[in-house]
Amino acid sequence: MGRTNRVRVLFATTAAVAGLAAGYAVAGWTEGFVVLAIDALIVDLTPARVVNYMIEAVGESSHGFHLLGAVAASGTLYASAAAIGLVIARGSRSTAPGVGIGIALVVGPTLVLTGVVLPSIASGLAVGAIVTVGALDRPDGGSTPDGTRRSVVGAMAGTTAVSGLSLLLGSRRTRRSRRIDESFVDDGRTADLLAAADETGIESTAVAPPVSSIDAFYTVDITTAPPTVDATDWRLSIRGAVDRPRTLSFDGIRERERVDRFVALRCIGEGLNDDKLDTALWSGIPLDALLDEVGPFGEYVELHAADGYVATTELDAVRDGLLVYGMNGEILPREHGHPLRLVAPGTWGKLNTKWLTDVVVREAPSEGYWEERGWNSEAPITAVAKLWTIDRLDDGRIEVGGHAYAGTRGVDRVEVSTDGGATWTDADLADPLPGEDVTRQWRYRYEPEGTHEVVVRTIDGNGDRQPAEATDSFPNGPAGWVERRVEP
Ligand SMILES: Nc1nc2c(c(=O)[nH]1)N[C@H]1C(S)=C(S)[C@@H](COP(=O)(O)O)O[C@H]1N2
Ligand SMILES: [Mo]
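Residues numbered from 1 in each chain as written. Chains lettered and ligands numbered in written order. Predicted model: local features only at pLDDT ≥ 70, side-chain atom pairs only at ≥ 80, totals over all residues. Heavy atoms only, no water.

Caption draft 1: Region of the structure containing the overall build of the chain. In terms of regular secondary structure, the chain is built from 12 helices and 19 strands. Along the first, second and third principal axes, the C-alpha set of the chain runs to 85 × 65 × 40 Å. Counting the 488 residues in the chain, one finds 50% classified as buried. Taking contacts inside the chain between residues at least 6 apart in sequence as the whole, the part at least 24 apart equals 75%. Carbon and sulfur atoms make up 54% of the accessible area of the chain, which totals about 21,500 Å². (Helix = DSSP H or I, 4+ residues; strand = E, 2+ residues; numbered from the N terminus. Buried < 20%, exposed > 50% of the residue type's maximum accessible area, 1.4 Å probe, protein only. Contact = heavy atoms within 4.5 Å. Areas by Shrake-Rupley, 256 points an atom, 1.4 Å probe, with all protein chains shown as cover.)

Here it is as C-alpha cells:
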C-alpha cells in the first residue's frame, strides 16, 4: 500500500470509529443505533437453518456473532463514506464538496436503516469532522510526512477521547430508554398475591423462589436490543377476519377491569436443563373479552410486534390469554414487552408476543417468525423437572432441587433417583402456586455415597410420567429426563 493509501485507510477507519461512537452517544443501545439496526437486518436475512443451529449449539450468546457482523458492516459503511469523501475532497480545490458527500453518505443510509434523525446526523457530523482533518492534509499541497503523521495521530487521539465520552453518554441514554414514566396503579392486590406466593415457597437456600423477580426472569429476543415503544403513541389494532375491527390506546386498555394471574413462560428452543423457564404475576385484560367485541370469523391469528416479530397459531390456542401491561406489580418493563404483551397459558413462550401492536385474525393459517423457521407452534408443552441446584448441607447431606413444569397439566409429583435411575423416591414439593400454568419448586435431601448419577422426572396433573426418551428442542421442545453426575 502506498503512503497516500495508507493515510486514507487510517483516516477512513478513524472516521468510522468516530461515526459509530457519535451515533451510540445519541441513540444509546437502542434500535436508533446503526449497529443494532444492521444487526436486526442480519437476523432477518439469516436462513432458518443457521438460526436454528445457532440457537441449539450456541444459545443466547449467538447474539454475539451477528453483532460482530453488524459492527463490521456498519464500520465498513462509514469507512467507505469517509474514504469517498476524502478522495473527492483531496481531488478538488475546496474541501467542502468532499466533506458534504462524506456526511451525506453516512446520514442517508443511517437514516434509512434506523429511521431516527438525531443519531444519523451525529454520526454524519463526526465522520465529516475526520474527513475535514484528513482533507486539510494534502501531500501534493505542501504537507510533509511529519505533518501528515501529526494530523493522523491527532485525529485518532481526538476520536479515542470523544469515544470515551460517547460510551458514557450512550449508556446514560440506554438507561433512560429503559425507564418507563408510567406507574402501575395498584390497590395492593398484586402485593398481596406476591406475598401469598412467597408463602408457598419450599424451605431451601438454593432453590430459586417460586416467582422469579423481573431481573431474574429470562429473556429471548430476535433482536439484540428491545424496541423502545412509547405507550402514548402506541395503539393495539385488532383486525383481519373480524366483523368490527378496533383500535385501543394504552389508557383505553388500562381503564378496563384488570386481571392478575400467575403464569409461567418457557422457551421451546431451550436446552433440557436450561433456565429459560420462569413464573411471574402478570396483570392485564383478557383477550377473550376483546375478541367477543370484534366478532372474529377466522380460526387463526397473527400476532404482530414492534420489533418486526410475528407469531402465528390457532385462535383457540391463545383465547385464554391476557394482554398484559404489568409484571410482578410493576409496569411491564421494556425487555419484557412494554407497553403490552400477550401471556397465554398452555403455550410455549414464543406465542407470548412482546411489544404487541396488531392482533390479526385469519381464515387460513400463516407462518410467523419461528414457524417459518420450522418450529412447531402447536407442540404441546413437554413436561420437565429441572435439576438446577446441587447443594451440600452443613450436616453432610446433599440437597438437589429445581422447578418442575408441565404447562396447564400441572405438576403432581417429582421423582428423584440417586443411583442413575435404578430406584426412585418422591421429592418434597412446594405448595402449588395459584394458577393453571405455573412452575412448582421441588427439593430432595439425602446422604451421598461416592460418585453417583442423580436423575429427576415429574408426573403431571393427569398422572402421566415425563417420558424418558430424549429429543432436541427443535422443533417440538426438549424432552427426556435430566441427569447430573454428583461427586462426593
Ligand atoms: N415481539 C417479540 N415477542 C417475543 C419474542 C421476540 O423476539 N419478539 N420472543 C419470544 C420468545 S421465543 C419467548 S421464549 C418469549 C420470552 O419472553 P421473555 O423475554 O419476556 O421471557 O417471548 C416471545 N415473544
Ligand atoms: Mo422462545
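More follows now that the structure is in view.
Caption draft 2: Main features of the sheet that holds strand β5 (residues 300-305). If you walk across this open sheet you meet the 5 strands as β2-β1-β10-β5-β6, and the pairing is mixed. A single partner strand is all that each edge strand has here, and the edge strands are β2 (246-249) and β6 (310-314). Strand-to-strand twist in this sheet, taken as the mean axis angle between neighbours without regard to direction, amounts to 15°. Both β5 and strand β10 (residues 356-362) contribute to a ladder of 6 bridges, which runs antiparallel. Along β10, the bridge assignment pairs Leu303 with Val359. (Pairing = 2+ DSSP bridges. Axes fitted to C-alpha atoms, helices over the stretch in contact; angles between N-to-C directions.)

Caption draft 3: Representation of the site of ligand 1 within the structure. Around ligand 1, the surrounding shell holds 20 residues, and the nearest of these are Tyr218, Asp307, His336, Arg341 and Lys354. Residue Tyr218 places a main-chain N or O atom 2.6 Å away from an oxygen atom belonging to ligand 1. One of the side-chain nitrogen or oxygen atoms of Lys354 is found 2.4 Å away from an oxygen atom of ligand 1. Notes on ligand 1: free accessible area 530 Å², of which the protein chains cover 99%. A class-by-class count of the residues in the shell around ligand 1 yields 10 nonpolar, 5 polar and 5 charged. (Near = heavy atom within 4 Å. Polar contact = N/O pair within 3.5 Å; in protein donor to acceptor, adjacent residues only side chain to side chain. Nonpolar A, V, L, I, M, F, W, Y, C, P; charged D, E, K, R; others polar.)

Caption draft 4: Seen up close, helix α8 (residues 189-200). Along its 12 residues, α8 runs 17 Å from first to last C-alpha, staying within 8% of the 16 Å computed at 1.5 Å per residue. Taken together, the buried positions of α8 are Thr190, Ala197 and Thr200. Taken around the axis of α8, the buried residues stretch over an arc of 70°, which confines them to a single face. Pointing more than 90 degrees away from the buried face of α8 are the exposed residues Asp192, Asp198 and Glu199. Those residues of α8 that are buried lie in contact with β3 (259-266), β4 (277-286) and β17 (440-446). (Expected span 1.5 Å × (residues − 1). Arc of directions from axis to C-beta.)

Caption draft 5: Region of the structure containing the sheet that holds strand β14 (residues 411-417). The sheet built from 4 strands is open, its strands ordered β15-β14-β18-β19 with antiparallel pairing. Only two strands of the sheet have a single neighbouring strand rather than two, namely β15 (425-426) and β19 (482-486). Sheet analysis places β14 next to strand β18 (residues 452-460), joined by 6 bridges and oriented antiparallel. Looking at β18, one finds that Ser417 is bridged to Val455.

Caption draft 6: View of the nonpolar core. By size, the foremost hydrophobic cluster in this structure holds 65 residues, and its most contacted members are Leu236, Ile253, Leu323, Leu340, Val400, Val416 and Trp442. For Leu340, the residues in contact, after removing those within four places along its chain, are Trp234, Leu236, Ile253, Leu323, Val324, Tyr325, Leu332, Thr353, Lys354, Trp355 and Leu356. Within the second largest apolar cluster, 32 residues are counted, among which are Phe11, Ile38, Val127 and Val131. (Core = buried A, V, L, I, M, F, W, Y, C linked by side-chain atoms within 4.5 Å.)

Caption draft 7: Layout of the packing of aromatic side chains. Counted according to the given criterion, the structure contains 12 aromatic pairs. Between Phe217 and Trp282 the ring centres are 5.6 Å apart and the planes differ by 85°, which places this aromatic pair in the edge-to-face class. Of the two residues, Phe217 sits in the loop between α8 and β1 (235-240) while Trp282 sits in strand β4, which places them 65 residues apart along the sequence. Both rings, one in Tyr444 and one in Tyr446, keep their centres 5.6 Å apart while their planes meet at 20°; by these two values the pair is stacked. Under the relative-accessibility criterion, Tyr444 is labelled buried at 15%. Joined through ring pairs, the aromatic side chains of Tyr309, Tyr369, Trp370, Trp375 and Phe474 make up one cluster. One residue, Arg373, lies across the ring of Tyr369, its end atom 3.6 Å from the ring centre. The lysine or arginine in question, Arg457, covers the ring of Trp424, its NZ or CZ lying 3.5 Å from the ring centre. (Phe/Tyr/Trp six-rings, centres within 6.5 Å; stacked < 30°, edge-to-face > 60°. Lys NZ or Arg CZ within 6 Å of the ring centre and 35° of its normal.)

Caption draft 8: Focus on a nonpolar patch on the surface. A contiguous nonpolar surface patch, about 270 Å² in accessible area, is contributed by Ile84, Ile88, Ile101 and Leu105. Within the fold, Leu105 resides in helix α5 (residues 96-114). Using a relative accessible area of 33% as the deciding quantity, one classes Leu105 as partly exposed. (Patch = residues over 30% accessible without salt bridge, like charges linked within 9 Å, V, L, I, M, F, W, Y side chains within 5 Å. Salt bridge = Lys/Arg side-chain N within 4 Å of Asp/Glu carboxyl O.)

Caption draft 9: Representation of the pairing of β14. Most of β14 is tucked away, with 5 of its 7 residues classed as buried. Both β14 and β15 contribute to a ladder of 2 bridges, which runs antiparallel. Across the sheet, the residue bridging to Glu415 is Asp426, located in β15.

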